[in-house]
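Structural overview for review
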Amino acid sequence: MNKKVEAQDRRILLSETVELGEKTNKGQTVTDPNVLFNEMEREASFLTGSEVIRAAIKRANLDVSVAYPITPQSEAAALIGELYAEGYVREYFRGESEFAVMGQCAGASFGGARVFTTTAGPGTLRAMENFPMWAGSRLPIQVCVTCRGINSPLSIQPDTLEMYYLLETGMLVWHAETAQDLYDWILGGFMVSEQPDVHLPLALCCDGFFVTHTKDTVMLQSDEYCIPAYDPYRSPVPCMDMECPPIRMMRDPFIMKSNYISYMTHASWQQEIHAAVERSRKHTLPIMNGSLIETENLDREILIVASGTAVSQGREAIRLLEEEEGIKVGLVKIKSIRPFPTEEIREATANAKTIFIPEFNIKGWLAREVKSILSNNERVIAGPHVAGGMTMPSEVIVDEIKKSLGVAGPRLESRG
Amino acid sequence: MEQYQVLPGPEAFLPPSAASMGITLPDPGEAHIEGRIVDEEEAYEYAARKLLGAKVPTIFPGPLVLWKWNEKAAKKAKAIRELAEAMPARLIPMADYRPKYPKIIAELEINPNHPNLTIWHNKIDVCIFIGVHCHQANLALKIIRGGTDCYTIAMCAQAGHEDACMSFRDISLEKIHKLTATVNKLKKEGVKSQAEPFTQFKMSRQGRIEG
């Protein structure tokens, strides 16, 4: 059961050892994230998504980043390398492969460092074994997943299928729609995933190319300020100790002992990881403007429910439908996939008669997720879908909705 | 669906985590009693009455207070001993988190991987977890709820534990003293400890000190 947590006046909780106002070695002022995120003046910048990642990391008081920039890649990892050269990131190096990178990130995090890396597509899958290991070891590493195709024949274009593989790793999984989301959530993500009752890795996903390679206006705070450093003494597990779990379990696993208690401990361990995902809800609210979803015009009988850049395409489809056909449609933007906003979506869709879920992947995993939590889920239409790097013109969503309503007219595919 | 309550077990072969059943942790200044969020002030007396009403009240101090990492840990350890003497309650240490093979010595230690063995062996009906890393505490609390009828109280220095039957958060030296003071106040008001007589064992790094 996923319970909705009320926003109230929630604030980001800080470690008692944080010394606000102190200067970093680069002269940045350590600032209360509640002030930095919500009260501090911002200025507009026109940046690519990769440049936005650099801008966020510059303010993230980051200890370690490990990169495996396979060609073709987004510029993000290379731009973090520039920050290392400038002294904003304390350690930075190139791993031997995506798998090695994620293992090296784990090592740094076990040692008490704040760690950030990026990956995408086949890289995400090659590194996959590490993600449940991170979660099981309660390592609050942040990985920015700039989603792209994963299957042969390979594609460097956006496709969100890799997110489906991440859903039950025990990581927090968020899906940014815009470069602004990406910027705000990188910084806020550290604050959520490092809470002692959460202390889990975060997969911050965005749609590759559409977000990483295109320019957008992003509101940034001054880079004279940064968030407080990570406090490893709040970790729910001891720092790395070869005799204690989880390290002890890696060389002497419970499951090697064939008895009920060993199995029970392992099962309880898994439950605790997913309990920690649930606990992240209330810490995420101050980062995501008070809710894990965003809604527009819920009084309408037709809704588009989406995440990532499918939300942007949905917005434009809603405008076209209203202006050209007089058809009124509402919108639900899902920001967090894990934890999943079950109660929020139930409430938001309570009056909808038809729910469309456009997705940038062939299987429609988000539609499955939504169908699994709704009563009368025949209301949910899983589509439209595109995949393998195809764009999703807003007209495709318009066509899908018109077709469902039986509204006649020329369809997009007829244009050739 | 009715609101889940975090009650003593035995609950199930594999009970759910309380968080997965919709139980949320208290915010600063709050505690939870069986999953219900209450003002922290209310929780002191509730905990004190539970402890005084128990036949085998027991405190499980974990490594964060058993070892002198810093002066604060040492002061907390002393305060915990005063709390144990006030009730009175047994002290059974959770010195670290290593699985113990072939078996633990249940009268002398508790381990997060099979805490039920210590609860069963000593017939513990109310216990306090304190100074245990949060992940390990949650693991143990859930296993205890699954297989025993022990009422669990968590005194957590961080965000609290929804897998305990009741939980404080942000526990400091002052808050430990406050629980001790509440126990003493209730005793002065006539609430009698129901604890069965016992002799507290003592341990060194080498094991039990006889005599």
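Rules used in this analysis
Once a new chain begins, its residue numbering starts again from 1 and follows that chain's sequence as written. Here chains are named by letter from A upward and ligands by number from 1 upward, in the order in which they appear as written. Totals for whole chains, interfaces and linings use every residue, but because this is a predicted model, local features are given only for residues with pLDDT of at least 70 and side-chain atom pairs only at 80 or more, for both listing and counting. Two residues form a contact once the distance between their C-beta atoms, set from the backbone, is within 7 Å. Only DSSP runs of H or I covering at least 4 residues are called helices, and only runs of E covering at least 2 are called strands; the numbering of each starts at the N terminus. Polar here means any residue outside two lists: the nonpolar Ala, Val, Leu, Ile, Met, Phe, Trp, Tyr, Cys and Pro, and the charged Asp, Glu, Lys and Arg; Gly therefore counts as polar. Residue ranges labeled as domains rest on an automatic or database domain assignment. Strands were regarded as paired on the criterion that DSSP finds at least two bridges between them. What counts as an axis is a line fitted to C-alpha atoms, over the stretch in contact for a helix, and the angles between N-to-C directions run from 0 to 180 degrees. Only buried Ala, Val, Leu, Ile, Met, Phe, Trp, Tyr and Cys residues enter a nonpolar core, and they are joined through C-beta atoms within 7 Å. With C-beta atoms placed from the backbone, the exposure class of a residue follows from how many other C-beta atoms lie within 10 Å of its own: 20 or more, buried; 12 or fewer, exposed; in between, partly exposed. Should an angle fall under 35 degrees it is taken as roughly parallel, and over 145 as roughly antiparallel, whereas 65 to 115 is taken as roughly perpendicular and any remaining angle as oblique. For any pair of crossing helices, the crossing counts as left-handed if the nearer helix is rotated counterclockwise from the farther one by less than a right angle, and right-handed if it is rotated clockwise.

A short note on the interface of chain A and chain B
- Contacts between the two partners involve 28 residues from chain A, matched on the other side by 22 residues from chain B.
- The dominant element in the side of chain A that touches chain B, judged by the number of residues it contributes, is helix H10 (residues 260-284) of chain A, at 13 residues.
- Residues of the side of chain A that touches chain B, tallied by class, amount to 13 nonpolar, five polar and 10 charged.

A short note on the domain arrangement of chain A
Residues and elements named next belong to chain A.
- Along its sequence, chain A is carved into domain 1 (29-234) and domain 2 (293-415).
- Relative to domain 2, the C-alpha centre of domain 1 lies at a distance of 28 Å.
- On the side of domain 2, 20 residues touch domain 1, which itself brings 20 residues to the contact.
- Elements with a contribution of two residues or more to the side of domain 1 that touches domain 2: helix H7 (161-166), strand S7 (172-175) and strand S8 (202-207).
- If you tally residues by element for the side of domain 1 that touches domain 2, the top one is S7, at four residues.
- Across the side of domain 1 that touches domain 2, the residue classes tally to 12 nonpolar, five polar and three charged.

Some remarks on the sheet that holds strand S11 (residues 293-296) of chain A
Residues and elements named next belong to chain A.
- Here we have five strands laid out as an open sheet, ordered S11-S13-S12-S15-S16, and mixed in their pairing. Unpaired on one side and paired on the other, S11 and strand S16 (380-381) mark the two borders of the sheet.
- Contacting strand S12 (302-306), strand S13 (329-334), strand S15 (354-356) and S16, helix H14 (residues 394-405) crosses the sheet at an angle of about 155° to S15.

Focus: the nonpolar core
- Ranked by size, the top nonpolar core spans 172 residues in total, and within it A:Ile186 and B:Phe129 carry the most contacts.
- Sorting elements by how many residues they give to this core places helix H8 (residues 179-193) of chain A first, with nine residues.
- Aside from chain neighbours lying at most four places away, what touches B:Phe129 is B:Phe60, B:Ala137, B:Leu141, B:Thr152, B:Ala154, B:Met155 and B:Ala164.

Observations concerning the packing of H10(A) against helix H5 (residues 134-147) of chain B
- Put simply, H10(A) and H5(B) touch, their axes get as near as 9 Å, and they point 120° apart. Relative to H5(B), H10(A) is oriented oblique. Both H10(A) and H5(B) take part in a crossing whose hand is right-handed. Where H10(A) approaches H5(B), its residues A:Met264, A:Thr265, A:Ser268, A:Trp269, A:Gln271, A:Glu272 and A:Ala275 are matched on the opposing element by B:His135, B:Asn138, B:Leu139, B:Lys142 and B:Ile143.
- A per-class count over the contact of H10(A) with H5(B) returns five nonpolar, five polar and two charged.

Focus: unusual backbone geometry
- In this model, A:Arg338 is joined to A:Pro339 through a cis peptide bond whose omega is 0°.
- Note that A:Pro339 resides in the loop between strand S14 (336-338) and helix H12 (342-348).
- Omega for the peptide link from B:Gly9 to B:Pro10 comes to 0°, which places this bond in the cis form.
- Tracing the sequence through the fold places B:Pro10 in the segment before strand S1 (30-33).
- For A:Phe209, which is not glycine, the phi torsion reads 65° and is therefore positive.
- Within the secondary structure, A:Phe209 is located in the loop between S8 and strand S9 (215-221).
- C-beta crowding within 10 Å serves as the criterion here: with 21 such atoms nearby, A:Phe209 is assigned to the buried category.
- In this structure, A:Asn376 takes a positive phi of about 50° despite not being glycine.
- Of the residues examined, A:Asn376 has 10 C-beta atoms within 10 Å and is grouped as exposed.

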